[in-house]
Amino acid sequence: MFKFVIEAHAIICFAEILMLHLFKLNCTENKVARCNFVTESFTYLGYTQFTELNTWVPLAGKSAEDILASFRQDKRQNVRKAMKHDLTFRGLETQKEIETFHALLAQNLEKYGVQPVHTAAELWEFKSSRLPEIAEFYGVFEGERMVAGGMTFYFEQANVVHTQYLSADLSIRKYSPAAYLYYQVLCAAAAKGCKALSFGISTEDNGKVLNFGLVESKEGYGSRHALNLSFAKDF
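The shown structure was predicted, so the numbers you read here are calculated from the model rather than taken from an experiment.

1. Points about unusual backbone geometry
Reasoning step 1: With a phi angle near 55°, D205 is a residue other than glycine that sits in the positive phi range.
Reasoning step 2: Tracing the chain through its elements places D205 in the loop between β9 (203–204) and β10 (209–210).
Reasoning step 3: Phi at N206 takes a positive value of approximately 55°, unusual for a residue other than glycine.
Reasoning step 4: Residue placement: N206 occurs in the loop between β9 and β10.
Reasoning step 5: With relative accessibility at 42%, the residue N206 sits in the partly exposed group.

What follows is the structure in structure tokens.
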């Protein structure tokens, strides 16, 4: 996927006007030529290109057993261990559940000294009115307690799910809520008939820094790699 990035007066606006999905980008002459044409066109117009590493999981025709089999051994063990704890995976429906998920997300991000980009009220707005057909929220529960949660976007035209937020209760040590959440989100996307799920980028500072720990973790869930190209220009 190509992002056309405009930066003006310290305000960054993202306009996704070029949609060449990397999941469909096979190395055929026509598609490579089209990719090169887009890159050269933006460069000619004075844009700076940034390249970021994205991870994604192919899902077409995969069963839950296939998905688990594609995991690295340690991740498979984590999922199977979590399965022994009578966990429930389901969609989040109420504003209170969204607020609980947001609190869990904030707890996860606190160790990095940052806050979620969106507020709990904004997440509820996405679900209830702004993006009800695109934004999906899930939770993993042990009894009544939410131990993990996720937010995804479903892009119907590409038939791909993108994970926006995934978080888990960091205080739980007896099993991995995160591994169970990742597994169930992948299974839910496959059951929907999606061709792929994107875990997003694993780079920082416009692609200059690779987060090795993050990409290694994503690789453990059967991920493959793709490049996201962004183009930016100061006006």
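2. Some details on the pattern of salt bridges
Reasoning step 1: Within this structure, the stated rule accounts for six salt bridges.
Reasoning step 2: In this structure, R72 and D74 form a salt bridge, with 2.9 Å as the shortest nitrogen-oxygen distance.
Reasoning step 3: Across the salt bridge formed by K127 and E93, the nearest N and O atoms sit 3.6 Å from each other. Of this pair, K127 sits in helix α5 (residues 120–130) while E93 sits in the loop between β4 (88–91) and α4 (95–110), placing them 34 residues apart in sequence.

3. As for the packing of aromatic side chains
Reasoning step 1: What the rule picks out here adds up to 10 aromatic pairs.
Reasoning step 2: Ring geometry for F101 and F137: centres 6.1 Å apart, planes at 75°, overall edge-to-face. A residue pair is termed long-range when its members are at least 10 positions apart, and F101 in helix α4 and F137 in strand β5 (residues 135–142) qualify at 36 residues. For the pair formed by F101 and F137, the shared burial category is buried.
Reasoning step 3: Aromatic pair Y182 and Y221: ring centres 4.5 Å apart, planes at 35°, arrangement tilted. Of the two residues, Y182 is situated in helix α6 (residues 177–191) and Y221 in the loop between α7 (212–219) and β11 (224–234); the sequence distance between them amounts to 39 residues. The burial state of Y182 is the same as that of Y221; both residues are buried.
Reasoning step 4: A cation over a ring is seen here: R90 above F141, with NZ or CZ 4.2 Å from the ring centre.
Reasoning step 5: Between K192 and the ring centre of Y154, over which it is positioned, the NZ or CZ distance is 4.9 Å.

4. So, α5
Reasoning step 1: For α5, every residue scored as buried is listed here: A120, L123, F126 and K127. The arc that holds every buried residue of α5, seen down its axis, measures 125°, which confines them to one face.
Reasoning step 2: Among the structural elements, α4, β5, β6 (145–155) and β7 (160–168) are those in contact with the buried residues of α5.

5. Quick word on the confidence of the model for the chain
Reasoning step 1: Scored by pLDDT, the chain has a mean of 86; 85% of the residues are at 70 or more.
Reasoning step 2: Confidence drops under pLDDT 50 across residues 1–28; counting only partners more than four residues distant or on other chains, this segment forms 62 contacts.

6. A short note on the packing of α4 against α5
Reasoning step 1: Two elements in contact, α4 and α5, have axes whose closest approach is 9 Å; the angle formed by their N-to-C orientations is 130°. Comparing the axis directions of α4 and α5 gives the class oblique. Two packed elements cross with a definite hand, and for α4 against α5 that hand is right-handed. On the side of α4, the interface is formed by Q95, I98, E99, F101 and H102, while α5 contributes A120, L123, W124 and K127.
Reasoning step 2: Residues belonging to the contact of α4 with α5 are distributed by class as follows: five nonpolar, two polar and two charged.

Definitions and limits used
- Along each chain, the written sequence defines residue order, and numbers are assigned to residues from 1.
- In keeping with the predicted nature of the model, local features appear solely for residues at pLDDT of at least 70, side-chain atom pairs appear and are counted solely at 80 or more, and the whole-chain, interface and lining totals rest on all residues.
- With hydrogens and water excluded, all non-hydrogen atoms of the structure serve as input to the side-chain values.
- Secondary structure elements are taken from DSSP: a helix is a run of H or I of four residues or more, a strand is a run of E of two residues or more, and numbering for both begins at the N terminus.
- For every residue, the accessible area obtained with a 1.4 Å probe (protein chains only) is divided by the maximum for its type, and the residue is called buried under 20%, exposed over 50%, and partly exposed between those limits.
- Throughout this description, the term salt bridge denotes a Lys or Arg side-chain nitrogen within 4 Å of a carboxyl oxygen of Asp or Glu.
- Ring pairs shown here join Phe, Tyr and Trp side chains whose ring centres sit within 6.5 Å, with only the six-membered ring taken for Trp; geometry is labelled stacked below 30 degrees between planes, edge-to-face above 60, and tilted in between.
- Charge over a ring is defined by NZ of Lys or CZ of Arg lying within 6 Å of the ring centre and within 35 degrees of the ring normal.
- Here, the arc refers to the directions that run from the helix axis to the C-beta atoms.
- Contact definition: two residues touch when any of their heavy atoms are within 4.5 Å.
- pLDDT is a residue-level measure of predictor confidence that goes from 0 to 100.
- To get an axis, fit a line to the C-alpha atoms, keeping to the stretch in contact for a helix; angles then go from 0 to 180 degrees between the N-to-C directions.
- Convention used here: angles under 35 degrees read as roughly parallel, angles over 145 as roughly antiparallel, angles from 65 to 115 as roughly perpendicular, and any remaining angle as oblique.
- A crossing counts as left-handed when the near helix is turned anticlockwise from the far one by less than a right angle, and as right-handed when that turn is clockwise.
- Amino acids are sorted into nonpolar (Ala, Val, Leu, Ile, Met, Phe, Trp, Tyr, Cys and Pro), charged (Asp, Glu, Lys and Arg) and polar (every other residue, Gly among them).

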